[in-house]
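One letter stands for each residue in the lines below.
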Amino acid sequence: MKQIILIAVIAGIAALLPLVIGDSPYFIGVLISVLMMAALSSAWNILGGYAGQYSFGHAAYFGSGAYTTMILISKFNFNPLVSMVAGIIVACIIALITGSIVFRLRGHYFGLASIAVAEIVRLSALNFDFTGGAQGILLTDVTLWGLDLNSKIPFYYGMLLVLVLTLGITLYLRTSKTGFYLQAIREDQDAAASLGINLSFYKNKALLISAALTSVLGSLYAVYIRFIDTSAVLDLRLSIEIILTAIIGGVGTLWGPVLGAVLLVPLAEILRSNVIGDALVKHGVVSETSGLGVFLKENLAHAHVLVYGIITVVCILYLPKGILGFFRRVK
Amino acid sequence: MIQHLLHINHVSKHFGGNVAVSDISFSVDEKQIFGLIGPNGAGKTTLFNCISGFYPVTSGDIIFDNKTINNLRPDEVCHLGMARTWQRVKPLGSLTVLENVMIGAFSITNTTREAEEIAMEQLQLVGLTDFSKKSAGSLSIGLKKKLELARVLATHPKMLLLDEICGGLNHTETDTILAIIRDVRNKGATIVFIEHDMKAVTAVCDWIVVLNSGEKLAEGTPEVITRNPDVIAAYLGGGHNA
Amino acid sequence: MFFLQSLLSGILTGGVYALAGIGMSLVFGVMNISNFAHGDLMMLGMYLAYFAFTLLHIDPYISLLLIIPTAFLFGFIVEKIFIHRIISHPHQNQILLTIGLGLIMSNTALLAFTSDPKILTTSYSSSAVHILGGISLSVPLLLSFTITCGITGILFLFLSKTTTGLALWATSQNREAAQLMGINVAKMSAIAFGLGTALAATAGALIAPTYYIHPMAGHTFLLKAFTICVLGGLGSVVGAGVGGIIIGIVESMSSTYLSSDWKDVVVFIIFLVVLLLRPQGLLGKKGEQ
């Protein structure tokens, strides 16, 4: 199968990258962000792209994985892997509650309900003491199998592993009965039902798989950054960013979300670190002390969300199937 | 004693104040080709939607293969052996013709390979083998209708509900479909047909029920029905062509 | 006494919520689009009121005379340029477009006005009226409620007595039928979106004296507006009005009897409960569940 080889090749290249880049925590960090967003969007894609159910509250699963892991490790000294599994269970419970309320309905309620659930989770984490409230949770000490968890490298490979796993699951689903059924649901729910497809069951199945994978990423993130709070792991902005990444790359394709992440994460980083502004100044295009120069220096860093918004609008209007979707059609 | 495969027992369907179907009763026997005709708005598709589980009935019972199926979901009805097509075709547009039919086949198997085999059989039956890799959305209407037929046949149903399967087809295409239907019946399936094309209906049906304004107007063999003055009046009066 | 106080405050706040909900419901009814930028449109109204007050020294309630037509025009133009193009696209893409537009709005505001919250204090911002011995009703809330009633009344007259209004109403009931009867549904969409924007901006302007004004202020209201619409019944303008008052009361009661930290959670839980028990809402549009 062509795609399996492609995954293996790209995974292989990615695995070797840290050795090539050498000791540069900054770049490894950016790559980790790329891998994480690629995995998050790919996991979302299983439900959104293949089953056609757009969740606007996926941060709930990321955050529940992160918080469960953090709480179990920092307060109860659990093993990180066990905490991760616990996180998956919590995420799945939330997913089942959401799914059982909404998937029996026709119409476009899933998106709204997913936001409501995500906000309930976020506000709960914000208001309860055991989740650290507005202060969040800090992790001082964590060990696993003697790995040096102060280095970024284990997390690089951890994220890569989850990405490969997600792509693998997507590929498997695509050629299995479940995958066919999900796509039928996406295309025409009535037709799907009339052909013997239990809509609720399969939508829930896709949601559970997606939620579990997202939760694992949240757990990884928590131990990687060692600090979480609601704005980092439960914010609506994260949910939206996940969707935009998938949309721009190409919803419902295997590599679309990955492409989206490869394009958007570095772009955000470039904007955030003011590389463009610095470059303009260095080449004398803009004077550092002029109004424009000062404006750029202070604000370009905050502009990446604005750029996301513009890209989204342009994408929906002109490239509704994303970049990969566009090329597929032309083929 | 002939077993009724499908028994419609005083079924009514109201939408708020609007009575779409009123106190309809009839029975369909195994291996019958059964016609359900009537002018536009007579309630035929509504009845189909009730039978196949898309609408709950307001009153009455629907008994299929000795089981009461009133409150079942559409997918449950399909698993009991009843499959339906749609008046406005519903191809799964982004999937290929083969994949569309495989979806039907998956209702009776779990493996992709078997589903593909069953699907190829049905494509051969309806004559769509050459189109198997084409996207379903790109087909002409005649071919889309054939695809719908192939897709439901892949579920190996005991009973087929066909909603205007000949709609929009020319004479040659209609004859092909009718031949397939006779073939399917001969292999053991029962068929209930909504159709406007009177020629098609009289050519192939064993028994016909006529609906008008939600009520049963008449029932009988094609010969009897085509000579029934009330039926003729309903069609002409309702302003509809044959 | 707490109960009555809570109830009355809730009704007054609910009025403004109702305005936001009605705007969203109108857009949903006529165009079948969930407008995720609705909250950001409210935010724009807040800033318009703020600048009218600080730069032009116009009282926020009077500035409505400026804000309403400006916002209507803005919404009308946005519909013609952006929304119009995707009216027959899949629902999810429509939502994403409005999300994108919302992001552009809120982040432009962020760049232009910074995230420092602005406060609009009028001479009567903290005044209160005392009634029934012990109940204190905030003057700004009373004023906004009165204005809301007025605007809702005018809207109702518009929808039921004018040709354009009736055409709009017809389109929201059944777009296809309206088109067949010769109504220019494209124009109706633009008008509906313009009205929806104007109502959102008005709601924003009305609460500006009592809330922190910042670029992300719209986001809380977005989900509340959706809750109101679903509670009242998607597409039902009257339902949204009723829903708004109910949510206002629920919020106020939750604030009093639970804590203000949890009031939003209660609203969102209600949203889920409505979906669970009565998805068509109180006065739901028939057809779609």
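Here the structure is a predicted model, which means the values were calculated and not measured.

1. Considering the overall build of chain B
Piece 1. The secondary structure content of chain B amounts to 9 helices and 10 strands.
Piece 2. By the compact-globule yardstick of 18 Å for 242 residues, chain B fits well, its C-alpha radius of gyration being 18 Å.
Piece 3. Its C-alpha atoms give chain B principal-axis dimensions of roughly 50 × 40 × 40 Å.
Piece 4. Across the 242 residues that make up chain B, the buried fraction comes to 47%.
Piece 5. Contacts in chain B between residues far apart in sequence, at least 24 positions, make up 66% of those at least 6 positions apart.

2. Some remarks on the interface of chain B and chain A
Piece 1. The interface of chain B with chain A comprises 23 residues on the first partner and 17 residues on the second.
Piece 2. Of all elements in the fold, only helix H2 (74-79) and helix H3 (97-105) of chain B reach the threshold of two or more residues within the side of chain B that touches chain A.

3. Observations regarding the interface of chain C and chain A
Piece 1. Facing the 36 residues of chain C at the interface are 35 residues of chain A.
Piece 2. Breaking the side of chain C that touches chain A down by element, the ones donating at least two residues are helix H4 (91-113), helix H9 (218-232) and helix H11 (263-277) of chain C.
Piece 3. It is H4(C) that contributes the most residues to the side of chain C that touches chain A, 15 residues altogether.
Piece 4. Within the side of chain C that touches chain A, the residues separate by chemical class into 22 nonpolar, 10 polar and 4 charged.

4. Concerning the confidence of the model for chain C
Piece 1. Here chain C averages 87 in pLDDT, and 97% of its residues register 70 or above.
Piece 2. Taken together, the chains of this predicted complex give a pTM of 0.90 and an interface ipTM of 0.91.

5. Concerning the sheet that holds strand S10 (residues 215-220) of chain B
All names here are of chain B.
Piece 1. Spatially, the 6 strands line up as an open sheet ordered S6-S7-S8-S3-S9-S10, and their pairing is mixed. Each edge of the sheet is formed by a strand with only one pairing partner; in this case those strands are strand S6 (82-84) and S10. The average angle at which neighbouring strand axes cross in this sheet is 15°, direction not considered.

6. Re the sheet that holds strand S1 (residues 4-15) of chain B
Residue and element names in this part refer to chain B.
Piece 1. Taken in spatial order, the 4 strands line up as S2-S1-S4-S5 in an open sheet, and their pairing is antiparallel. Both edges of this open sheet fall to strand S2 (18-29) and strand S5 (67-68), since each of them pairs with a single strand only.
Piece 2. Relative to strand S4 (residues 59-64), S1 is paired through 5 bridges, and the arrangement is antiparallel. From the neighbouring strand, Ile8 faces S4, where its bridge partner is Ile62.
Piece 3. On top of the sheet, helix H1 (residues 44-51) reaches S1, S2 and S4; it is set at about 65° to S2, its chief contact.

7. A word on the packing of helix H3 (residues 59-76) of chain A against helix H4 (residues 80-102) of chain A
Residue and element names in this part refer to chain A.
Piece 1. Interhelical geometry of H3 versus H4 gives an angle of 140° and a closest axis separation of 8 Å. Relative to H4, H3 is oriented oblique. Crossing handedness for the pair H3 and H4: right-handed. Between H3 and H4, the contacting residues are Ala60, Tyr61, Ser64, Gly65, Thr68, Thr69, Leu72 and Ile73 on the first element and Pro80, Ser83, Met84, Ala86, Gly87, Ile88, Val90, Ala91, Ile94 and Ala95 on the second.
Piece 2. Of the residues belonging to the contact of H3 with H4, the class tally is 12 nonpolar, 6 polar and no charged.

8. Structural notes on the environment of Phe158(C)
Residue and element names in this part refer to chain C.
Piece 1. One can find Phe158 in helix H5 (residues 139-161).
Piece 2. Taking the C-beta count within 10 Å as the criterion, Phe158 has 15 such neighbours and is therefore assigned partly exposed.
Piece 3. The spatial distance from the C-alpha of Phe158 to the C-alpha of Leu272 is 33 Å, given a sequence separation of 114 residues.

9. Remarks on H5(C)
Piece 1. Under the 1.5 Å per step criterion, the end-to-end length of H5(C) is 33 Å for 23 residues, consistent within 8% with the ideal 33 Å.
Piece 2. Where the residues of H5(C) are buried, they touch helix H1 (2-31), strand S2 (135-138) and helix H8 (185-207) of chain C.

10. Points about the nonpolar core
As a rule of thumb, soluble globular proteins bury nonpolar side chains together.
Piece 1. Met159(A) and Ala20(C) are the most contacted members of the largest nonpolar core, which has 272 residues in total.
Piece 2. Excluding residues that lie within four positions of it along the chain, Met159(A) makes contacts with Ile32(A), Leu35(A), Met36(A), Ala39(A) and Leu220(A).

11. Topic: unusual backbone geometry
Piece 1. Here Asp65(B), not a glycine, exhibits a phi torsion of approximately 55°, which is positive.
Piece 2. When the 16 C-beta atoms within 10 Å are taken as the criterion, Asp65(B) is described as partly exposed.
Piece 3. Although it is not a glycine, Asn32(C) sits at a positive phi angle of roughly 60°.
Piece 4. Along the chain, Asn32(C) falls in the loop between H1 and helix H2 (38-56).
Piece 5. Accessibility expressed as a C-beta count within 10 Å gives 18 for Asn32(C), which makes it partly exposed.

12. Focus on the pairing of strand S3 (residues 33-37) of chain B
All names here are of chain B.
Piece 1. The buried count for S3 comes to 5 of 5 residues, which makes it a mostly enclosed element.
Piece 2. Of the two faces of S3, the one lined by Ile33, Gly35 and Ile37 and the one lined by Phe34 and Leu36 are each fully buried.
Piece 3. Sheet topology note: the S3/strand S8 (residues 190-194) ladder contains 4 bridges and is parallel. The partner of Phe34 across the bridge, within S8, is Val192.
Piece 4. Both S3 and strand S9 (residues 207-212) contribute to a ladder of 4 bridges, which runs parallel. Following the sheet pairing, Gly35 is matched in S9 by Ile208.

13. Topic: the packing of H1(C) against H8(C)
Residue and element names in this part refer to chain C.
Piece 1. Closest axis-to-axis distance for the H1/H8 pair is 8 Å, and the angle between their directions is 165°. Judged on the interaxial angle alone, H8 and H1 are roughly antiparallel. In this structure, H1 crosses over H8, and the sense of that crossing is left-handed. Only Met188, Ser189, Ala192, Phe193, Leu195, Gly196, Leu199, Ala200, Thr202, Ala203, Leu206 and Ile207 of H8 make contact with H1, whose side of the interface consists of Val16, Leu19, Ala20, Ile22, Gly23, Met24, Leu26, Val27, Val30 and Met31.

Reading the values: rules and limits
Residues numbered from 1 in each chain as written. Chains lettered and ligands numbered in written order. Predicted model: local features only at pLDDT ≥ 70, side-chain atom pairs only at ≥ 80, totals over all residues. Helix = DSSP H or I, 4+ residues; strand = E, 2+ residues; numbered from the N terminus. Rg over C-alpha atoms; globule rule 2.2 N^0.38 Å. Buried ≥ 20, exposed ≤ 12 C-beta atoms within 10 Å, placed from the backbone. Contact = placed C-beta atoms within 7 Å. Nonpolar A, V, L, I, M, F, W, Y, C, P; charged D, E, K, R; others polar. pLDDT = per-residue confidence, 0-100. Pairing = 2+ DSSP bridges. Axes fitted to C-alpha atoms, helices over the stretch in contact; angles between N-to-C directions. Parallel < 35°, antiparallel > 145°, perpendicular 65-115°, else oblique. Left-handed = near helix turned anticlockwise from the far one by under 90°. Expected span 1.5 Å × (residues − 1). Core = buried A, V, L, I, M, F, W, Y, C linked by C-beta atoms within 7 Å.

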